[in-house]
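Tertiary structure, described
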Amino acid sequence: MKTINFSYNWNNKLDCKAFTTLRLSNRNKYKIGETYAVNLKSKFIKNAQIIDIKTIWLHQINDYIAYLDTGYNKEECINIIKKMYKSVDFTKTKMDFILIKEE
């Protein structure tokens with residue numbers, strides 16, 4: 001089974017039945033309708049299915065997306081993403097805003 005790994009439980013979202021994640025766009029890895037093992041710091045949490053994916057540019061993240069996904073405002077969220085992906089050129093790389101539902 002494919003996995004979605006988290007290093008931190010942003011906004012305590014992994015405790016919810018449905019949650020989001022912002023990832024570098026990768027439609028080969030993340031597919032609507034597929035089930036994934038969700039891991040937190042390499043520990044299995046639950047199985048969950050991707051319900052939808054919206055592909056956006058980093059600058060399109062707004063407070064709605066930022067607060068829902070991380071618990072931080074737009075500016076803080078973007079800074080967190082840039083820190084996590086230091087070598088990524090976000091003028092050329094899009095993000096996937098992924099909606100996930102616990103199975």
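See above for the structure.
The rules behind the values
Each chain has its residues counted from 1, running along the sequence as written. Where totals are concerned, whole chains, interfaces and linings use all residues; where local detail is concerned, this predicted model gives features only for residues with pLDDT of at least 70, and gives and counts side-chain atom pairs only at 80 or more. Excluded from the side-chain calculations are hydrogens and water; all other atoms, namely the structure's heavy atoms, are used. Only protein chains enter the area calculation, which uses a 1.4 Å probe; residues under 20% of their type maximum are buried, those over 50% are exposed, and those in between are partly exposed. Secondary structure elements are defined from DSSP: runs of H or I of at least 4 residues count as helices, runs of E of at least 2 residues count as strands, and each element is numbered from the N terminus. Summarising the geometry, the arc corresponds to the directions from the helix axis toward the C-beta atoms. Working rule for contacts: check all heavy atoms of both residues, and any pair within 4.5 Å makes them a contact. Put simply, a disulfide is two cysteine sulfurs that come within 2.5 Å. As used in this structure description, the phrase polar contact means that two N or O atoms lie within 3.5 Å; if the pair is within protein, one of them must be able to donate a hydrogen and the other to accept it, and residues adjacent in sequence are counted only when both atoms belong to side chains.

1. With respect to helix H1 (residues 63-70)
Among the residues making up H1, those that are buried are Ile65, Ala66, Asp69 and Thr70. Buried positions in H1, seen along its axis, are confined to an arc of 95° and lie on one side of it. Buried-residue contacts for H1 involve strand E2 (18-24), strand E4 (43-56), helix H2 (74-84) and strand E5 (95-102). Where H1 terminates, the next one or two residues include Gly71, which has phi positive at roughly 90°.

2. Points about the state of the cysteines
Summed over all chains, the structure comprises zero disulfides. Between Cys16, a cysteine without a disulfide, and Cys77, which holds the nearest cysteine sulfur, the sulfur-to-sulfur distance is 16 Å.

3. A few points about H2
Where H2 is concerned, the buried positions are Cys77, Ile78, Ile80 and Ile81. Down the axis of H2, the buried side of the element spans an arc of 155°, and every buried residue falls inside it. In this structure, H2 carries Asn79 and Lys83 as exposed residues pointing more than 90 degrees from its buried face. The elements touched by buried residues of H2 are E2, H1 and E5. Measuring from the side-chain oxygen of the N-cap residue of H2 to the backbone nitrogen of Glu75 gives 3.1 Å; that N-cap residue is Asn73.

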